[in-house]
Amino acid sequence: MNRDERNDMGYIDREREAKLLRKKKRKKARIIKRVIIGVEVFVSVILLLLIILLKMPNAKSTLINAPFGKFLLKFLISEDSVNNVIDTTFDDNDVKQNEELNTDVMDEYINLLLFGVDSRDDALDSITHSDSMILISINKTTSEVKMVSLYRDTFLRIMYNDGSSTYKKLNYSYFVGGPVCTINTINMNYDLNITDYATVNFAGLADIIDALGGVDVLLTRSEMYYTNIYLEETMKVTGRTTNYLTTYSTNGEKIHLDGLQAVAYCRIRYTKYYGEDGTEANNDMGRTCRQRNVISKLIAKAKTAGTDALLEIANAMFESQSETKTFITSLTYDEIIDLIPILIKCTFYNDAEKSGFPYEYGFDTINYESMVTAEDLVTNVKALHEYLYGETDYEPTSTVKRISEILDLIAGEETD
């Protein structure tokens, strides 16, 4: 083959190669076009489904409880706003529980302590007294919520943050060591594995109640009187004003309370409580009944308010904490996001006879202070675990048994 023939063959090969490359590019372009069309169709279908869902009743609730609901919540509630309420000083390693404690059953629940404090400013961690302590237990599978008020005047072993201990009223623990001290005290005395908390002061609770439109309660003439007495102090503490109450229930009608009025109502302990379910209670037991009554009504109103309204309220509450703190929590952003779908679909369970703890108690004067004393702490702890977690055969740890013996010994010496 001469040079001309070789050149002709080279030209043909190059032309063939060019044709193959053009063909390959056209094929690749068709594939890319199909992919783009496929993606566009997929996105269009997703957007169409979202539009349809958003037109449905309880749309956001449906979306939030879907597998991708967590991502939607993170879009609706910013991490920056939630960071305003997170206790950055809280360390999980500081939380303790009894060494022998078997938590297999309790781990199926979210256990959280809710504190209501009488802080005169935004000091929420300590150097303030806890006006209320409520254990909230949420079944992770059924979303059933149970609340148990822990009587603040209960005589217990207080576990200081440095590991030492003393015997005093339960609410003393918050004053000397904040949430960690109280969590560890409750875990030790009641064989629990609580790891998190939320604290709200008078102003914060009033804000939440007002955001949900207030509450309606049965109000006796005596309760109206004491509500107004507490209302005067509550207004001074919060720097806010509202009207004093002038009416009470006479024929079973309910009286509407705004946020400040409801907070004052929750503080009453000097007159008898008469519940809508027939429950009657005096002293601190009556006060805890009022607190649970208001909280249960708030839960009911929150569920009927709809997801849109709840998310708007949550965002507003989180954002408002950037300057003055009225509530704070140890829960992280992800934990709060995970908790919201559970709360949206939760059911509230209330057994009036099991919603205040200890169940069997007496009153004793110890060190010149009036105390609530558990009549056999071991038996009470068994009953608490049965109510919260269905553990009918629960056996308290040796720590609880030893504390029970010491409490009985001290109470016995004081009454001799």
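Residues numbered from 1 in each chain as written. Predicted model: local features only at pLDDT ≥ 70, side-chain atom pairs only at ≥ 80, totals over all residues. Heavy atoms only, no water.

A. Here's a closer look at the packing of helix α7 (residues 221-238) against helix α8 (residues 259-266). It is the contact of α7 with α8, at a shortest axis distance of 7 Å, that shows an interaxial angle of 115°. Considering the relative orientation of α7 and α8, their crossing is right-handed. Here Glu223, Thr227, Tyr230, Leu231, Thr234, Met235 and Thr238 of α7 come into contact with α8, specifically with Leu260, Gln261, Val263, Ala264 and Tyr265. Considering only residue class, the contact of α7 with α8 consists of seven nonpolar, four polar and one charged. (Axes fitted to C-alpha atoms, helices over the stretch in contact; angles between N-to-C directions. Helix = DSSP H or I, 4+ residues; strand = E, 2+ residues; numbered from the N terminus. Left-handed = near helix turned anticlockwise from the far one by under 90°. Contact = heavy atoms within 4.5 Å. Nonpolar A, V, L, I, M, F, W, Y, C, P; charged D, E, K, R; others polar.)

B. A look at the packing of aromatic side chains. Tallying each qualifying case throughout the model produces 12 aromatic pairs. A centroid spacing of 5.7 Å and a plane angle of 50° characterise the contact between Phe90 and Tyr197, whose relative ring orientation is tilted. Taken together, the residues span a long stretch of sequence, with Phe90 in the loop between α4 (79-82) and β1 (109-117) and Tyr197 in strand β6 (residues 196-201) at a distance of 107 residues. Comparing Phe90 with Tyr197, the two get one shared label, buried. Here the aromatic rings of Tyr225 and Tyr226 are separated by 5.0 Å at their centres, their planes lie at 75°, and the arrangement is edge-to-face. For Tyr226, a relative accessible area of 22% translates into the label partly exposed. Site record: aromatic cluster; members linked through ring pairs are Phe90, Phe115, Tyr174 and Tyr197. Geometry around Tyr387 places Lys146 over its ring, the cationic atom sitting 4.9 Å from the centre. (Phe/Tyr/Trp six-rings, centres within 6.5 Å; stacked < 30°, edge-to-face > 60°. Buried < 20%, exposed > 50% of the residue type's maximum accessible area, 1.4 Å probe, protein only. Lys NZ or Arg CZ within 6 Å of the ring centre and 35° of its normal.)

C. Broad picture of unusual backbone geometry. A cis geometry characterises the amide bond from Phe357 onward to Pro358, with omega recorded as 10°. Inspection of the secondary structure assignment puts Pro358 in the loop between β13 (356-357) and β14 (361-366). Look at Asn367: it is not a glycine, yet its phi comes out positive at around 55°. Along the chain, Asn367 turns up in the loop between β14 and β15 (369-374).

Shape is all these values report; function is a separate question.
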